[in-house]
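# Structural overview
The lines below spell out each chain.
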Amino acid sequence: MKLQSLVLAAATALTMTSAFAVPAGAWTVGAGAHYVDPKSDNGTLGDDDVVSFDVDVDGDVRPTLTGEYFIANNVGIELLASLPFHHDFDLNAADGTTALTGKIQHLPATLSLQYHFDDYNMPMNIKPFIGVGVNYTTFFKEKLNTPAGAPSDSAADLKFDDSVGVAGHIGLDIPFAPTEYFRIDARYMDIKTDASINDEGNTLELGEVDISPWVYGVAFVKQF
């Protein structure tokens with residue numbers, strides 16, 4: 001009787017685990033929101049011999065979409081897309097006062113190779129996953145705000161170059177139906193961009209802005 005009970009319990013656990021394994025050929029779509037939290041030290045712009053400013057970039061949250069195709073059991077290729085993230089930034093002088101402010105928008109598309117674990121009997125059949133990939137971030141609508149008292153047309157054109165870097169991904173999928181689950185995840189994105197300004201046809205290189213954020217999110221994911 002005890003042997004039968006053990007076999008039944010083992011079979012039940014195996015069925016629960018296998019039911020949440022993602023087979024090759026399946027794909028998922030996720031819809032949620034992510035918060036981009038830039039690193040605290042975002043670099044220095046300008047010339048140390050003349051004048052330089054420390055860069056401080058704030059965070060932002062936007063709706064996101066993911067699509068993942070499984071090339072093998074529990075191994076998927078995922079693409080992350082989003083609405084444009086909006087960031088305000090400050091250029092601070094050596095004494096900590098804010099000399100200039102500005103705004104940027106960016107799209108941090110990320111392609112990752114991911115592995116979903118299904119051989120651990122975790123509470124609620126939670127399924128962890130990890131991934132590594134590449135991030136391509138394009139910047140647009142860069143703007144330096146006109147300083148108080150300056151003519152409205154005196155601001156130079158600001159440019160942030162596009163960025164390519166590595167990306168890491170960890171998360172948990174919490175199932176509430178055979179093919180539907182709630183996802184909590186975190187990503188690290190290596191985002192560094194060269195900044196420059198164009199003033200009446202003259203381009204001045206300012207230096208590198210290191211955003212390299214952690215990105216935290218939640219999503220509803222559906223498997224097909």
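Residues numbered from 1 in each chain as written. Predicted model: local features only at pLDDT ≥ 70, side-chain atom pairs only at ≥ 80, totals over all residues. Heavy atoms only, no water.

### Brief notes about the overall build of the protein chain
Within the protein chain one finds one helix and 14 strands. By residue count, 37% of the 224 residues in the protein chain fall in the buried class. (Helix = DSSP H or I, 4+ residues; strand = E, 2+ residues; numbered from the N terminus. Buried < 20%, exposed > 50% of the residue type's maximum accessible area, 1.4 Å probe, protein only.)

### Brief notes about the sheet that holds strand β12 (residues 192-199)
Spatially, the three strands line up as an open sheet ordered β9-β12-β13, and their pairing is antiparallel. Edge positions in the open sheet fall to β9 (157-160) and β13 (202-210), since each of these has one partner strand only. Adjacent strand axes in the sheet meet at a mean angle of 20 degrees when their direction is disregarded. Examined bridge by bridge, β9 and β12 share four bridges and lie antiparallel to one another. Residue Leu158 lies in a different strand from β12, and its bridge partner there is Ile197. (Pairing = 2+ DSSP bridges. Axes fitted to C-alpha atoms, helices over the stretch in contact; angles between N-to-C directions.)

### Section: the nonpolar core
In terms of nonpolar packing, the biggest core is built from 23 residues, with Leu45, Phe89, Leu91, Leu158, Phe160 and Val209 touching the most fellow members. Mapped by element, the contributors of at least two residues to this core are β3 (51-57), β6 (85-92), β8 (127-144), β9, β12 and β13. Look past the residues within four positions of Leu91 in its chain and what remains in contact with it is Leu45, Phe53, Asp54, Val55, Thr97, Thr98, Ala99, Leu100 and Leu144. (Core = buried A, V, L, I, M, F, W, Y, C linked by side-chain atoms within 4.5 Å. Contact = heavy atoms within 4.5 Å.)

### Let's talk about the confidence of the model for the protein chain
Residues at a pLDDT of 70 or more form 83% of the protein chain, whose mean pLDDT is 84. Within the model, pLDDT remains below 50 along residues 1-19, and this stretch shows six contacts once partners closer than five positions in the same chain are excluded. (pLDDT = per-residue confidence, 0-100.)

### Side note on the side chain of Asp210
Among the secondary structure elements, Asp210 is positioned in strand β13. At 3.3 Å, the side chain of Asp210 and the side chain of Lys39 are in polar contact. Only 2.5 Å separates the side chain of Asp210 from the side chain of Ser212, close enough to count as a polar contact. Residues in contact with Asp210, not counting those within four places in the same chain, are Lys39, Asp41, Asn42, Ile191 and Lys192. (Polar contact = N/O pair within 3.5 Å; in protein donor to acceptor, adjacent residues only side chain to side chain.)

### Quick word on the environment of Asp118
Its location among the elements puts Asp118 in the loop between β7 (98-116) and β8. On the basis of relative accessibility, which here comes to 17%, the residue Asp118 falls in the buried class. In the structure, Asp118 is positioned 10 residues away from Pro128 in sequence and 7.9 Å away in space, judged by C-alpha atoms. A distance of 3.3 Å separates the side chain of Asp118 from the side chain of Asn74, its partner in a polar contact.

### Things to note about the pattern of salt bridges
Within the structure shown, the criterion is met by eight salt bridges. Residue Asp173 is joined to Arg183 by a salt bridge in which the shortest nitrogen-to-oxygen separation is 2.7 Å. Here Asp173 is found in strand β10 (residues 163-177), whereas its partner Arg183 is found in strand β11 (residues 180-189), with 10 residues between them in sequence. Residues Asp173 and Arg183 agree in their burial class; the two are buried. Of the charged contacts, one joins Lys222 and Glu180 as a salt bridge, the two residues approaching to 3.4 Å between their closest N and O atoms. Remark: Glu180 occurs in strand β11 and Lys222 occurs in strand β14 (residues 214-223); sequence separation between them is 42 residues. One network of salt bridges, with partners in common, ties together Glu78, Asp173, Arg183, Asp185 and Arg187. (Salt bridge = Lys/Arg side-chain N within 4 Å of Asp/Glu carboxyl O.)

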